[in-house]
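A look at the structure
Letter by letter, the chains look like this.
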Amino acid sequence: MQPDKRLGRDFFRQDVLSVAPLLLGKYIVIINNGEPEKFIITEVEAYRGEDDLACHASKGRTNRNRIMYAVGGHVYVYFIYGMYWMLNIVTGEEDNPQAVLIRGINGYNGPGKLTRRLNIDDSFYGEDLVVSGRIWIENNEAEGEIVTGPRIGIDYAGEHWKNKPWRFNLLLK
DNA sequence: AGCAAGATCGGT
DNA sequence: CCGATCTTGCTG
């Protein structure tokens, strides 16, 4: 019997600033054509609560962002620029809207490119990584250096939020 | 009902 | 820097 490597609820319940860097090096597993595919997570960004002007929850609860208010472990996907799906993982406790944007996986850098590779679309909205049969996160240790920096593409959020070093990049050894 | 902007990407 | 392409949330 193999140990269950899937991450459970307690992992995703933590604050987004804890979960985001912890996701680096772990596997995202997705079932495509019946076969599981594994990719190492290499780049993420944290979006933290209604106060964070870069976070979709800064507008309060809307039909698009409502899943961010669920307990950690749910999937938040949204469509942007008329052609790209963004993949996010909700974190924290219920009614504390936070999420980690997955910006890179091994071999595919860029949030729009990786969702195309994984076949992520709106059918994944609200999926629960703790129990889902087609997408989950597995524990893994990867060797590499972690670099932090400001989040990308959020000029609209103002200097204060734009400057926060909430992007985490794993440079694989 | 109409509109401006967007957590992007690839080509000039 | 610019266009593609369409959903979203805000304004009226």
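Conventions used here
- Residues numbered from 1 in each chain as written.
- Chains lettered and ligands numbered in written order.
- Predicted model: local features only at pLDDT ≥ 70, side-chain atom pairs only at ≥ 80, totals over all residues.
- Heavy atoms only, no water.
- Buried < 20%, exposed > 50% of the residue type's maximum accessible area, 1.4 Å probe, protein only.
- Helix = DSSP H or I, 4+ residues; strand = E, 2+ residues; numbered from the N terminus.
- Pairing = 2+ DSSP bridges.
- Near = heavy atom within 4 Å.
- Polar contact = N/O pair within 3.5 Å; in protein donor to acceptor, adjacent residues only side chain to side chain.

Focus: the pairing of strand E7 (residues 135-138)
- On E7, burial covers both faces: Ile135 and Ile137 on one face and Trp136 and Glu138 on the other are all buried.
- Across four bridges, strand E1 (residues 27-32) lies against E7 in antiparallel orientation. Looking at the pairing, isoleucine 28 lines up with isoleucine 137 of E7.

Some points on the protein's contact with DNA strand B
- The local shell around DNA strand B holds 20 residues, among which His56, Tyr84, Asn88, Gly112 and Tyr156 are the closest.
- The sugar-phosphate portion of DNA strand B accounts for 56% of its atoms within 4 Å of the protein, the bases making up the rest.
- At a separation of 3.1 Å, a base nitrogen of DNA strand B approaches a polar side-chain atom of tyrosine 78.
- One of the backbone nitrogen or oxygen atoms of proline 111 is found 3.1 Å away from a phosphate oxygen of DNA strand B.

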